[in-house]
Amino acid sequence: MTAHISDERIPNNVDLSGDKRLQRALEQWQPHFLDWWKEMGPEGFQGDDVYLRTAISVEPGGWAHFDYVKMPDYRWGIFLEPKAEGRSIHFGDHIGQPVWDEVPGELRNLLRRLIVTQGDTEPASVEQQRLLGKTAPSLYDLRNLFQVNVEEGRHLWAMVYLLHRYFGRDGREEAEGLLERRSGDHDKPRILGAFNEPTNHWLSFFMFTMFTDRDGKYQLSALSESGFDPLSRTCRFMLTEEAHHMFVGETGVGRIVERTVELMKKDANEDARAQGGIDLQTIQKYLNLWYSVSLDLFGGEVSSNAAEAFAAGVKGRHKEATRFEDHTALGSVYQMEDVQGGKVVTREVPMRNALNEVLRDDYVEDCQRGVDRWNKTIREAGIQFELALPSRRFHRAIGSFAEVRSDPSGSLLAPTEWESRKGEWLPNEGDEVYIKSLMHAVHDPGKIAQWIAPPRKGINGQPFAFEYVRLPE
Ligand SMILES: [Fe+2]
Ligand SMILES: [Fe+2]
């Protein structure tokens, strides 16, 4: 028996009720999704009413409908930005040709790989975050966690829609695979490294939503330029939700920094830990960790896959349409840093082969803006300390710097020196133990844990003290 999928159950703008084949495919998949959600989604809160935002249409105002919902009853919908008639491919080798409404045969494998890789990150992050509800610093934060979780679930639906609708039998198999892999599992891990890292406390959660979700923003942005129109339209809509995830991350870390400097000023030795807070040095270590694993998500600096996807008109640059003049990316070069013979050198790489790095450049700049805002808080408190993004050479596992060891400033190190010093730059066991010791649930409306400041304002015009999640007595 499969549940019958209706437009009421699955809000959509893809004429689900008129597409029987798609409806049947999703009817098969949906119970498996719900099983996965119950097994791997937020543990312990599935029966509680959560003040959530649900997308019910793509009309202005329709994508942000707020109400109390139990998470398993969330209406995971399928939304694409409305089709722009007459749209043509605007970069690569097919410039000027009409966009594709179906998958061109020769691009099938490439497109499927891109969609599966993106799709895999969505359930992975839900799995990584499944225990965090038990230690939420406030009801406001608990609600934000669950909002991120249900939306990652919806992003999975978005990718599964593309697989079911456009890739036939292989697509259906891939959609099942997305529910079978598990974050951090040795035998069936998620596809990308950062999505197998444990996110087992709130400092890591905020760093994840700041840095790792932001990789998602840039991947979606590049795919939203795609000549495969359904992919472009799907990613455009996902980006509206992604913005909230990065808000949660940036303001989450920002609120920790705010509380930290308050506690430092209370302490004779400016010791935040002595006051039950998180010291700036430790915040820097988690920043180093999550930023470096997120840099890896962009792939190798020099990449023939990136060149191929661009040439095919499948994956563009961030804001390709408005920020660039030459949309062929031919005849220009990128000055790329590399390490040769133990020294940092610069070499020229044909632009198309450097597109992962070009996207990473935009990402780095965006991350820096967030760090600047955190530093403003520290400066205004009169504290002498600056948080900083580490060098791109620091702690990399993919690409040109995977084999070298460097300190956060980018100076190359001998492997033995790296081994003996890495605990200064990355969270060590003691840091993990300390951070976890701070993590206790605060479930009274309006109350918040010691190590983080309350937000400036609540969600959807509600006050911070609003009962964002109704928990049993
Ligand atoms: Fe997502
Ligand atoms: Fe996200």
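The notes below deal with the structure included here. (Residues numbered from 1 in each chain as written. Chains lettered and ligands numbered in written order. Predicted model: local features only at pLDDT ≥ 70, side-chain atom pairs only at ≥ 80, totals over all residues. Heavy atoms only, no water.)

### As for the overall build of the protein chain
Each helix and strand in the protein chain was counted, giving 12 helices and 7 strands. At 23 Å, the protein chain has a C-alpha radius of gyration in line with the 23 Å of a compact globule built from 473 residues. The principal-axis extent of the C-alpha atoms belonging to the protein chain is close to 70 × 65 × 40 Å. The contacts in the protein chain between residues at least 6 apart in sequence include a share of 72% that link residues at least 24 apart. When the accessible surface of the protein chain is totalled, it reaches about 19500 Å², and 49% of it is carbon and sulfur. Between the mean site of the 57 positive side-chain charges and the mean site of the 74 negative ones, the protein chain shows a separation of 1 Å. (Helix = DSSP H or I, 4+ residues; strand = E, 2+ residues; numbered from the N terminus. Rg over C-alpha atoms; globule rule 2.2 N^0.38 Å. Contact = heavy atoms within 4.5 Å. Areas by Shrake-Rupley, 256 points an atom, 1.4 Å probe, with all protein chains shown as cover. Lys, Arg positive; Asp, Glu negative; His and termini not counted. Charge placed at Lys NZ, Arg CZ, Asp CG, Glu CD.)

### Quick word on the coordination of the iron ion (ligand 2)
Ideal values for angles at a metal depend on the geometry: 109.5 degrees with four tetrahedral donors, 90 or 180 degrees with six octahedral donors. Coordination sphere of the iron ion (ligand 2), protein contribution only: Glu152 (OE), Asp213 (OD), Glu242 (OE) and His245 (ND1), at 1.8 to 2.2 Å. In this structure, the iron ion (ligand 2) is coordinated by 4 donor atoms arranged in irregular fashion, with angles at the metal of 89 to 173°. Between consecutive donors of the iron ion (ligand 2), the numbers of intervening residues give the motif E-x60-D-x28-E-x2-H. Separating the iron ion (ligand 2) from the iron ion (ligand 1) is a gap of 3.4 Å, bridged by glutamate 152, which donates to each. (Donors = N, O, S within 2.8 Å, 3.2 Å for Na, K, Ca; no water. Tetrahedral: all angles 85-135°; square planar, octahedral: opposite > 155°, others 65-115°.)

### As for the environment of arginine 172
Within the secondary structure layout, arginine 172 lies in helix α4 (residues 168-180). C-alpha separation for the pair arginine 172 and leucine 26, spaced 146 residues apart in sequence, amounts to 9.2 Å. Once residues within four sequence positions are removed from consideration, arginine 172 is found in contact with Ala25 and His164.

### Considering the pairing of strand β3 (residues 333-340)
Pairing of β3 with strand β4 (residues 343-350), which is carried by 8 bridges, proceeds in the antiparallel orientation. Across the sheet, the residue bridging to tyrosine 334 is valine 349, located in β4. Between β3 and β4, which pair antiparallel in sequence order, lie 2 residues; one of them, glycine 341, sits at a positive phi of approximately 55°. (Pairing = 2+ DSSP bridges.)

### Remarks on the coordination of the iron ion (ligand 1)
Bound to the iron ion (ligand 1) on the protein side are Glu122 (OE), Glu152 (OE) and His155 (ND1), at distances that span 2.1 to 2.2 Å. Within one chain, the residues serving as donors to the iron ion (ligand 1) are arranged as E-x29-E-x2-H.

### A word on the pairing of strand β1 (residues 49-54)
In terms of burial, β1 is a largely internal element, 5 of the 6 residues being buried. Two elements, β1 and strand β2 (residues 65-70), share 6 bridges in a ladder whose sense is antiparallel. Note on β2: the bridge partner recorded for tyrosine 51 is tyrosine 68. Relative to strand β7 (residues 469-470), β1 runs antiparallel, the two sharing 2 bridges. For valine 50, the partnering residue across the bridge sits in β7 and is valine 469. (Buried < 20%, exposed > 50% of the residue type's maximum accessible area, 1.4 Å probe, protein only.)

### A few points about the packing of aromatic side chains
Applying the stated criterion across every chain, the model contains 34 aromatic pairs. Taken together, a centroid distance of 5.1 Å and an interplanar angle of 85° make the contact between tryptophan 29 and tryptophan 157 edge-to-face. One end of the pair, tryptophan 29, is in helix α1 (residues 20-40); the other, tryptophan 157, is in helix α3 (residues 139-166), with 128 residues separating them in the sequence. There is no split in this pair, since tryptophan 29 and tryptophan 157 are both buried. With a centroid separation of 5.7 Å and an interplanar angle of 70°, the aromatic rings of phenylalanine 211 and tyrosine 291 are classed as edge-to-face. With phenylalanine 211 in helix α5 (residues 202-224) and tyrosine 291 in helix α7 (residues 280-296), the pair connects residues that are 80 residues apart, well separated along the chain. Look at phenylalanine 211 and you get buried, because its relative accessible area is 0%. Among the aromatic residues, those joined into a cluster by ring pairs are Trp29, Phe33, Trp36, Trp37, Tyr74, Trp76 and Trp157. Positioned above the aromatic ring of tyrosine 166 is the side chain of arginine 165, whose terminal nitrogen or guanidinium carbon lies 4.4 Å from the ring centre. When the ring centre of tyrosine 68 is taken as origin, the NZ or CZ atom of arginine 470, which lies over that ring, is 3.6 Å away. (Phe/Tyr/Trp six-rings, centres within 6.5 Å; stacked < 30°, edge-to-face > 60°. Lys NZ or Arg CZ within 6 Å of the ring centre and 35° of its normal.)

### A short note on helix α12 (residues 429-438)
Those residues of α12 that fall on the buried side of the exposure criterion are Asp431, Tyr434, Ile435 and Leu438. Projected onto a plane normal to the axis of α12, the buried residues spread over an arc of 95° and lie on a single side. Summarising the geometry of α12, the exposed residues directed more than 90 degrees from the buried face are Glu429 and Val433. Check the buried side of α12 and you find it contacts α5 and α7. At the N-terminal boundary of α12, the capping side chain belongs to asparagine 428, with an oxygen 3.1 Å from the backbone nitrogen of glycine 430. (Arc of directions from axis to C-beta. Polar contact = N/O pair within 3.5 Å; in protein donor to acceptor, adjacent residues only side chain to side chain.)

### A closer look at the pattern of salt bridges
If charged atoms from side chains of opposite charge come close, those side chains can pair. Applying the stated criterion across every chain, the model contains 46 salt bridges. For aspartate 49, the salt bridge identified is with lysine 70, shortest N-O distance 3.1 Å. Taken together, the residues aspartate 49 in strand β1 and lysine 70 in strand β2 connect sequence positions 21 residues apart. The exposure class assigned to aspartate 49 is partly exposed, which follows from its relative accessible area of 22%. Notably, a salt bridge pairs aspartate 296 with arginine 396, separated by 2.6 Å at the nearest N-O pair. Of the two residues, aspartate 296 is situated in helix α7 and arginine 396 in the loop between α10 (355-380) and β5 (405-406); the sequence distance between them amounts to 100 residues. The same class applies to aspartate 296 and to arginine 396, which are both buried. Within the structure, one salt-bridge network assembled from shared partners comprises Asp296, Glu301, Glu357, Arg360, Asp361, Arg392 and Arg396. (Salt bridge = Lys/Arg side-chain N within 4 Å of Asp/Glu carboxyl O.)

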